[in-house]
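What follows is each chain in one-letter form.
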Number of protein chains: 2
Amino acid sequence: RPLKEVLFFPTTVTCIEHLFQPHPRVSPCLCRLPHGLETPFTRLLRHLLSARFTLDLCIFAFSSQELCRAVLLLHRQGVVVRVLTDKDYMAIDGSQIGSLRKAGIAVRHETGDFHMHHKFAVADRRLLITGSLNWTATAVQGNKENVLVTEDAAFVRPFLREFEELWDANDPA
Amino acid sequence: RPLKEVLFFPTTVTCIEHLFQPHPRVSPCLCRLPHGLETPFTRLLRHLLSARFTLDLCIFAFSSQELCRAVLLLHRQGVVVRVLTDKDYMAIDGSQIGSLRKAGIAVRHETGDFHMHHKFAVADRRLLITGSLNWTATAVQGNKENVLVTEDAAFVRPFLREFEELWDANDPA
Ligand SMILES: [Zn+2]
Ligand SMILES: [Zn+2]
């Protein structure tokens, strides 16, 4: 049966260091945050970090440092990352779009008068992550938000098609 | 097999009068809009108007007159409608929340410092409609947006639970 999961936010802030460590640590993490807890946010990070080949992101607002760290790690591991975003929100306080570009990740942005308001990701053309959640700390830690995670092809396929259409439509070349 | 559908916006504006007519008209509609077209918006309205018993709405921004008209029609037909919304966006230009309240529909709003950012509806505790789309004309006619429609209980159940929790948490009594 294909994966189907719903995550609700906000969530409490917990340590996420272990998600970025390829090998278990010898000594425990000394930071002040709670450790060893599974939260909607650790689930979201785990699903993202499960990408092995491709990651297609279509995100209205992207300022979360932790989510940016996950995307940069995937990029360093050789995952082909593409990022589509909204032109007005690229420049918001703490936007991570510049960091992604600097790391060499392909970024395109909508140029029309309206918003590119999607908030979805597709990993390996197989796993869809979509919902109301923008990739910001306020959304994760403050707002009431939802994220659906699914491998059901009836949902994944249309989103892949939408991504390719928007990606081609916003080719700067 | 349970219903699974993905709708993408923006969409062109077409006549929606036929969706609100219980019986086929004798004479054709004379308005200037295109007629007889199925669009993501007519699909969305059809799914909403399929409610027979209950409609639970959890919507950050609700200013679409057409969607309001659909909700008011359901209310008049005896469907028990509950509306949860965000306090900051209740007062936006053209918000329909006042009209819903005036018609006698139960409305509650989040009172915290953060946003109630969901945009979902559940009809008859059976059909989930959720995505990035706020219920505004700009979202429907301008933005790049998505809406998932599904009867898959793996998705519907968690959203029902979330609705009941937020509904109880925002009881003004
Ligand atoms: Zn730690
Ligand atoms: Zn007409």
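Rules used throughout
Residues numbered from 1 in each chain as written. Chains lettered and ligands numbered in written order. Predicted model: local features only at pLDDT ≥ 70, side-chain atom pairs only at ≥ 80, totals over all residues. Heavy atoms only, no water. Helix = DSSP H or I, 4+ residues; strand = E, 2+ residues; numbered from the N terminus. Contact = heavy atoms within 4.5 Å. Pairing = 2+ DSSP bridges. Axes fitted to C-alpha atoms, helices over the stretch in contact; angles between N-to-C directions. Buried < 20%, exposed > 50% of the residue type's maximum accessible area, 1.4 Å probe, protein only. Phe/Tyr/Trp six-rings, centres within 6.5 Å; stacked < 30°, edge-to-face > 60°. Least-squares fit on C-alpha atoms with pLDDT ≥ 70 in both. Right-handed = clockwise from strand over helix to strand, strands pointing away. Buried area = accessible area lost by both parts, 1.4 Å probe. Salt bridge = Lys/Arg side-chain N within 4 Å of Asp/Glu carboxyl O. Polar contact = N/O pair within 3.5 Å; in protein donor to acceptor, adjacent residues only side chain to side chain.

Colleague: Let's hear about the side chain of Thr 14 of chain A: which residues, and what values?
Modeller: For Thr 14 of chain A, the position within the fold is in the loop between β1 (4–9) and α1 (40–49). When near neighbours in sequence (up to four residues on either side) are disregarded, Thr 14 of chain A contacts Leu 33, Pro 34, Leu 37, Thr 39 and Thr 42 of chain A.

Colleague: Tell me about the sheet that holds strand β6 (residues 127–131) of chain B, and please be specific about residues and values.
Modeller: Strand pairing in a sheet relies on backbone hydrogen bonds. The paired strands run either parallel or antiparallel. The seven strands lie next to each other as β1-β7-β6-β5-β2-β3-β4 (chain B), forming an open sheet whose pairing is mixed. Each edge of the sheet is formed by a strand with only one pairing partner; in this case those strands are β1 (4–9) and β4 (106–110) of chain B. Strand-to-strand twist across the sheet, computed as the mean angle between neighbouring axes with direction ignored, equals 10°. Looking at chain direction, β6 of chain B and strand β7 (residues 145–150) of chain B are connected through four bridges and run antiparallel. Directly across from Ile 129 of chain B, in β7 of chain B, lies its bridge partner Val 149 of chain B. The sheet strands contacting helix α5 (residues 153–169) of chain A are β1 and β7 of chain B, and the helix crosses β1 of chain B at an angle near 20°. Along the sheet, helix α6 (residues 153–169) of chain B contacts β2 (54–59), β3 (80–86), β4, β5 (119–123), β6 and β7 of chain B; its crossing angle with β3 of chain B, the most-contacted strand, is approximately 75°.

Colleague: Kindly report on the pairing of β5 of chain B, identifying the contributing residues and their values.
Modeller: Residues and elements named next belong to chain B. For β5, a buried count of five out of five residues is recorded, marking the element as mostly surrounded by other parts of the structure. Of the two faces of β5, both are covered, the one formed by Lys 119, Ala 121 and Ala 123 as well as the one formed by Phe 120 and Val 122. Direction of pairing for β2 relative to β5: antiparallel, over a ladder of five bridges. The partner of Cys 58 across the bridge, within β5, is Phe 120. As paired elements, β5 and β6 share four bridges and run antiparallel to each other. Across the sheet, the residue bridging to Ala 123 is Leu 127, located in β6. The antiparallel hairpin formed by β5 and β6 contains three residues in its connecting segment, where Asp 124 sits at a positive phi of about 55°.

Colleague: Please provide a residue-by-residue account of the packing of aromatic side chains, values included.
Modeller: Evaluation of the coordinates by the stated rule reveals nine aromatic pairs over all chains. Between Phe 120 of chain A and Phe 159 of chain A the ring centres are 4.9 Å apart and the planes differ by 75°, which places this aromatic pair in the edge-to-face class. Within this pair, whereas Phe 120 of chain A is found in strand β5 (residues 119–123), its partner Phe 159 of chain A is found in helix α5, the two being separated by 39 residues in sequence. Comparing Phe 120 of chain A with Phe 159 of chain A, the two get one shared label, buried. A ring pair is formed by Phe 155 of chain A and Phe 155 of chain B, whose centres lie 5.9 Å apart and whose planes are at 85°; its orientation type is edge-to-face. On the criterion of chain membership, the pair formed by Phe 155 of chain A in helix α5 and Phe 155 of chain B in helix α6 is interchain, its members lying in two chains. In this pair, the class of Phe 155 of chain A matches that of Phe 155 of chain B, namely buried.

Colleague: Which residues make up the relation of the copies chain B and chain A, and what values go with them?
Modeller: Mapping chain B onto chain A calls for a rotation angle of 180° and an axial translation of 0.0 Å; the resulting RMSD is 0.0 Å. Put plainly, the chains are arranged around a two-fold axis. A share of 100% of the interface residues of chain B reappears at the interface of chain A, consistent with the copies meeting face to face through the same patch.

Colleague: Describe the pairing of strand β4 (residues 106–110) of chain A, with residues and values.
Modeller: Successive residues of a regular strand alternate their side chains across the two faces of the sheet. All names here are of chain A. As paired elements, strand β3 (residues 80–86) and β4 share five bridges and run parallel to each other. Across the sheet, Asp 86 pairs through a bridge with Glu 110, a residue of β4. Remark: the β3/helix α3 (residues 97–102)/β4 crossover connection has right-handed handedness.

Colleague: Could you give me a rundown of the interface of chain B and chain A, with the residues and numbers involved?
Modeller: With 32 residues of chain B at the contact, the number on the chain A side is 32 residues. Regarding the contact of chain B and chain A, the summed buried area is about 2700 Å², with carbon and sulfur atoms giving 68% of it. Put simply, chain B and chain A have four salt bridges between them. A salt bridge links Glu 110 of chain B to Lys 144 of chain A, with the nearest nitrogen and oxygen atoms 3.2 Å apart. At the boundary of chain B with chain A, the tally comes to 18 residue pairs in polar contact (both at pLDDT 80 or more). Every element with two or more residues in the side of chain B that touches chain A is listed here: β1, β5, β6, β7 and α6 of chain B. The element contributing the most residues to the side of chain B that touches chain A is α6 of chain B, with six residues.

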